[in-house]
Amino acid sequence: QSLAAVGVEPGVRDVSQPDLLVHAYYRNSPPAYVIHVVNEAYNSDDDTLQDRANAEVTVRRPPEVDASWTLRILCPGRSPMPATFEAAADTLRFHCPSLNVYAVAVFTPPV
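Owing to the predicted nature of the structure, the values given are computational and were not obtained by experimental measurement.

## Brief notes about the pattern of salt bridges
Counted under the stated rule, the structure contains two salt bridges. For Arg93, the salt bridge goes to Glu56, with nearest N and O atoms at 3.8 Å. Of this pair, Arg93 sits in strand S10 (residues 91–96) while Glu56 sits in strand S6 (residues 55–60), and the two are 37 residues apart along the sequence. You can call Glu56 partly exposed: its relative accessible area is 22%.

Spelled out as structure tokens, the structure:
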């Protein structure tokens, strides 16, 4: 399914978090809504990224995803973390507990 079909364009900036780059897509088999979140809070003084702990992410909600789905956050070097999210009429909102370089949020339907 195309990004346009789920209302998300590649490389969308979360306007509430200007240093985040978000790339999302819906996967049909097995079904999942996958969101890559990239930290772009680059500090040129010491050539590092500013850790974005508990960064809030808001994306458009595809029609398939609702409050019955589950969310896991995957970060490098850590075990997958279950997370909560808010599902509004047209958006999903969640927090990345740790965001040094990137995180992947995976929404999956109930089994």
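## Comments concerning the state of the cysteines
A full pass over the atoms with the stated rule returns zero disulfides. For the unlinked cysteine Cys75, the closest cysteine sulfur is that of Cys96, found at 6.2 Å. Note on Cys96: relative accessible area 0%, which makes it buried.

## Thoughts on the confidence of the model for the chain
Low pLDDT means the predicted atomic positions in that stretch should not be read closely. Summary statistics for the chain give a mean pLDDT of 84 and a share of 85% for residues scoring 70 or more. Summarising per-element confidence for the chain, the mean pLDDT is lowest in strand S1 (residues 12–13) (51) and highest in strand S7 (residues 70–74) (96). A low-confidence stretch, residues 6–11 stays under pLDDT 50, and its non-local contacts, those more than four residues away or across chains, total 19 contacts.

## Quick look at the packing of aromatic side chains
Inspection of every chain in the model, using the stated rule, returns four aromatic pairs. Pairing Tyr26 with Trp69 gives two aromatic rings, centres 6.3 Å apart and planes at 45°, and the pair type is tilted. Here the residue Tyr26 occupies a position in strand S2 (residues 20–27), and Trp69 occupies one in the loop between S6 and S7, the gap between them amounting to 43 residues. Tyr26 gets classed as buried once you look at its relative accessible area, which sits at 9%. A relative accessible area of 7% places Trp69 in the buried class. Taken together, a centroid distance of 4.9 Å and an interplanar angle of 85° make the contact between Phe85 and Phe107 edge-to-face. In this pair, Phe85 is assigned in strand S9 (residues 85–87) and Phe107 in strand S11 (residues 102–108), connecting sequence segments 22 residues apart. Members of the aromatic cluster, connected to one another through ring pairs, are Tyr33, Phe85, Phe94 and Phe107.

Thresholds, definitions, all that
- Residues numbered from 1 in each chain as written.
- Predicted model: local features only at pLDDT ≥ 70, side-chain atom pairs only at ≥ 80, totals over all residues.
- Heavy atoms only, no water.
- Salt bridge = Lys/Arg side-chain N within 4 Å of Asp/Glu carboxyl O.
- Helix = DSSP H or I, 4+ residues; strand = E, 2+ residues; numbered from the N terminus.
- Buried < 20%, exposed > 50% of the residue type's maximum accessible area, 1.4 Å probe, protein only.
- Disulfide = S-S within 2.5 Å.
- pLDDT = per-residue confidence, 0-100.
- Contact = heavy atoms within 4.5 Å.
- Phe/Tyr/Trp six-rings, centres within 6.5 Å; stacked < 30°, edge-to-face > 60°.

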